[in-house]
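The primary structure of each chain is shown beneath.
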Amino acid sequence: SAQPFSLGQNYPQPFYQITTIPYDLSEPSKVQLSVYSTSGQKIETLVSEFQRSGHYEVTWDARSLVAGTYLYKLETEKFSETKKALLVK
C-alpha cells in the first residue's frame, strides 16, 4: 500500500550550506514546498508543481542566508506540514 503524505526532517540537521528535505506523496498532487523565516516571511519556493505519488528529496542551498532557524512547509490539496531547519555558519 502507498505511504501516507509525509514531510521528513531535513538532513544534515543542523546544516552548514546545503541540506536535503525528503517527503512522500501517497497520491498525485499539486505540491508546494517553501522556506520561511521564523517571522513568517517566505524566503524561497523550492517546489511548485504537480507531482506523481512517490518519494522525493529536494536540495536547498542556503549559502546566501544568515545563520538561524528556518521553517519549511509542504502543502498539497490534502496535507500540510511544517518543520524547522537550523542553518549554522
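To be clear, the structure that these remarks concern was listed above.
Below is a summary of the structure that appears in this document. Values in this document were obtained by computation on a predicted structure and should not be read as measured data.

**Observations regarding a nonpolar patch on the surface**
Part 1 of the argument: A cluster of nonpolar side chains, namely Y16, L86 and V88, defines an oily patch on the protein surface of about 260 Å² accessible area.
Part 2 of the argument: Here L86 shows up in strand β7 (residues 80-87).
Part 3 of the argument: Judged by its relative accessible area of 34%, L86 is partly exposed.

**Description of the sheet that holds strand β2 (residues 18-25)**
Part 1 of the argument: If you walk across this open sheet you meet the 3 strands as β1-β2-β5, and the pairing is antiparallel. With partners counted over all chains shown, the strands left at the sheet margins are β1 (6-7) and β5 (54-61), one partner each.
Part 2 of the argument: Looking at chain direction, β1 and β2 are connected through 2 bridges and run antiparallel. Paired with L7 across the strands is Y23, a residue of β2.

**Comments concerning the sheet that holds strand β6 (residues 68-75)**
Part 1 of the argument: Spatially, the 4 strands line up as an open sheet ordered β4-β3-β6-β7, and their pairing is antiparallel. Of all strands in the sheet, those with a lone pairing partner are β4 (42-51) and β7, marking the two edges. Adjacent strand axes in the sheet meet at a mean angle of 15°, parallel and antiparallel pairs treated alike.
Part 2 of the argument: Sheet analysis places strand β3 (residues 29-37) next to β6, joined by 6 bridges and oriented antiparallel. Following the sheet pairing, Q32 is matched in β6 by E75.

**Some points on the nonpolar core**
Part 1 of the argument: Core analysis: the largest hydrophobic core is formed by 21 residues, its most contacted members being Y23, L33, L46 and W60.
Part 2 of the argument: Of all the secondary structure elements, the ones that give two or more residues to this core are β2, β3, β4, β5, β6 and β7.
Part 3 of the argument: Excluding anything up to four places from it in sequence, L33 contacts L7, I21, Y23, T45, L46, V47, V58, Y72, K73 and L74.

**Examining the environment of T20**
Part 1 of the argument: Along the chain, T20 falls in strand β2.
Part 2 of the argument: Residues T20 and V47, spaced 27 residues apart in sequence, show a C-alpha to C-alpha distance of 13 Å.
Part 3 of the argument: In this structure, T20 is in contact with Q9, N10, Y11, E57, V58 and T59, ignoring residues within four places of it in sequence.

**Overview of the pattern of salt bridges**
Part 1 of the argument: According to the stated counting rule, one finds 4 salt bridges in the structure shown.
Part 2 of the argument: Residue E27 is joined to K78 by a salt bridge in which the shortest nitrogen-to-oxygen separation is 3.0 Å. Highlighted residues: E27 in the loop between β2 and β3 and K78 in the loop between β6 and β7, separated in sequence by 51 residues.
Part 3 of the argument: The exposure class assigned to E27 is partly exposed, which follows from its relative accessible area of 30%.

Basis of the calculations
Residues numbered from 1 in each chain as written. Predicted model: local features only at pLDDT ≥ 70, side-chain atom pairs only at ≥ 80, totals over all residues. Heavy atoms only, no water. Patch = residues over 30% accessible without salt bridge, like charges linked within 9 Å, V, L, I, M, F, W, Y side chains within 5 Å. Areas by Shrake-Rupley, 256 points an atom, 1.4 Å probe, with all protein chains shown as cover. Salt bridge = Lys/Arg side-chain N within 4 Å of Asp/Glu carboxyl O. Helix = DSSP H or I, 4+ residues; strand = E, 2+ residues; numbered from the N terminus. Buried < 20%, exposed > 50% of the residue type's maximum accessible area, 1.4 Å probe, protein only. Pairing = 2+ DSSP bridges. Axes fitted to C-alpha atoms, helices over the stretch in contact; angles between N-to-C directions. Core = buried A, V, L, I, M, F, W, Y, C linked by side-chain atoms within 4.5 Å. Contact = heavy atoms within 4.5 Å.

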